[in-house]
Amino acid sequence: MAGPGTSACRRAVARLAAGTPVLPVLIVSVVVLADLAGGAGMIWLPLLAAGPALAATTNGPRGVFCVGFLAVVLGATLGVRDGVPGGELAAVMSALGAVTLAGGLASALRGRRERVLAAVRSVAETAQHALLKPVPATVGPFQAAVRYSAAAAEARIGGDLYALIPTPYGVRLIVGDVRGKGLPAVGTAALVLGVFREAAYDEPDLLAVVDRIERSLARNLGHDDFVTAVVAGYPQAGKLEVVNCGHAPPLLVRESEGVVEVEPTHPAPPLGLRALTGHAPGLQVLPFADGDQLLLYTDGVTEARDRGRAFYPLAEGLARHVSDEPARTLGALHDELLAHVGGRLHDDAALLLIRKPALTDQGVPEATVPRKNPPEPASEAARDIGAPAAEAV
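In what follows, the accompanying structure is described. Owing to the predicted nature of the structure, the values given are computational and were not obtained by experimental measurement.

Focus on the overall build of the protein
Broken down by element type, the protein carries 13 helices and eleven strands. Expressed as a percentage of the 393 residues in the protein, the buried residues total 43%. Put simply, of all contacts in the protein between residues at least 6 apart along the chain, 72% involve residues at least 24 apart. As presented, the protein carries roughly 19500 Å² of accessible surface, and 61% of it is formed by carbon and sulfur atoms.

Here it is as structure tokens:
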């Protein structure tokens, strides 16, 4: 059995091996062997500069200087052995030293940029968890799963939004897409989610929740800004309410019918544009039985194109990969989507899937029946704590 000293030694060796500039040293060794075999002198010696130059891209300043020192020592030794004139040999050694110093500086700057990038990514991840909170694996009577990909990979967050929360009036959820990109879109998404999380607890009527979001956006958005969204609720067993505000139609999965698009019966403009059109959204009520599933998504999924400019067929993909586990279904869909676009999305993409399992399968209680006098709303932090923990996606 290895003792603490042995473990510490192994860790030290592992750290040393991880920081060793193996490839640069290998290149220097190849140049030395070529010179020894051919005895060509000045023909091979300038190539020793490739060692510290490559080390600057893969190692820290210490590794660069070690490789540079090795190259200078070996180059001077070979030059004396091959009878290279002193002036030419000094010029080659000076060039090796200059390349080593420049490589060490470049390596230090690269390391600094990597540390800054790591800090920015850490802040972005924290912002994402604050804005797009992890969805529990089970919420009320539902199994649930989320997949989210920001087009700006280093930012980790974008203009798509989602939320799924239990309330005194049943489970309520929203998936939306903010017009535009960058920090303004993130700010608008935060505004929508904040209003939704508060209104979902306070308003018995789902349309009233949508109205509060609309009023808030009307006060805070510019004339050209808007948010497309689908807001849904499950107020009682077997009944699903849907309000579509200019968003892509959800996909309903039923064992008897397969995958069906839920086209809005009362088309409504996106959130933030009601004052310009005068059309108010309508409430669409759907039966939602055991085994049924509902997929909400953003246009970053359906508008993803392959090299032939063909859109990703989401409904067909869902029919291929649908299962009794929402997380597994979305995992397969997300992998297929990335394969379709060649590995990287060019727009933010969000997928939220809920499934109503049979009581005999999961033992999950039915949704809470709406109460005429709900309890006083707790703080948002307390509500979030009350939800079960879930994996971050």
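Observations regarding the nonpolar core
Note on soluble globular proteins: their nonpolar side chains tend to be buried together. In terms of nonpolar packing, the biggest core is built from 55 residues, with Leu161, Leu164, Ile174, Phe196 and Ile213 touching the most fellow members. Among the elements that make up this core, the one with the highest residue count is helix H6 (residues 182–202) (ten residues). Those residues within four positions of Leu164 in sequence are excluded, and the remaining contacts are Val135, Val139, Ala144, Val171, Arg172, Leu173, Leu352 and Ile354.

Things to note about the environment of Arg172
One can find Arg172 in strand S4 (residues 170–178). Here Arg172 falls in the buried class, since its relative accessible area comes to 2%. When the C-alpha atoms of Arg172 and Gly233 are compared, they prove to be 4.3 Å apart, with 61 residues separating the residues in sequence. Within the structure, the side chain of Arg172 is placed 3.0 Å from the backbone oxygen of Ala200, a separation counted as a polar contact. Within polar-contact distance, the side chain of Arg172 engages the backbone oxygen of Glu203 at 2.6 Å.

Overview of the side chain of Asn244
The topology assignment puts Asn244 in strand S6 (residues 239–245). There is a polar contact of 2.8 Å between the side chain of Asn244 and the backbone nitrogen of His247. Discounting chain neighbours no more than four positions away, the residues touching Asn244 are Ala229, Val230, Pro249, Pro250, Pro264 and Ala268.

Cut-offs and rules
Residues numbered from 1 in each chain as written. Predicted model: local features only at pLDDT ≥ 70, side-chain atom pairs only at ≥ 80, totals over all residues. Heavy atoms only, no water. Helix = DSSP H or I, 4+ residues; strand = E, 2+ residues; numbered from the N terminus. Buried < 20%, exposed > 50% of the residue type's maximum accessible area, 1.4 Å probe, protein only. Contact = heavy atoms within 4.5 Å. Areas by Shrake-Rupley, 256 points an atom, 1.4 Å probe, with all protein chains shown as cover. Core = buried A, V, L, I, M, F, W, Y, C linked by side-chain atoms within 4.5 Å. Polar contact = N/O pair within 3.5 Å; in protein donor to acceptor, adjacent residues only side chain to side chain.

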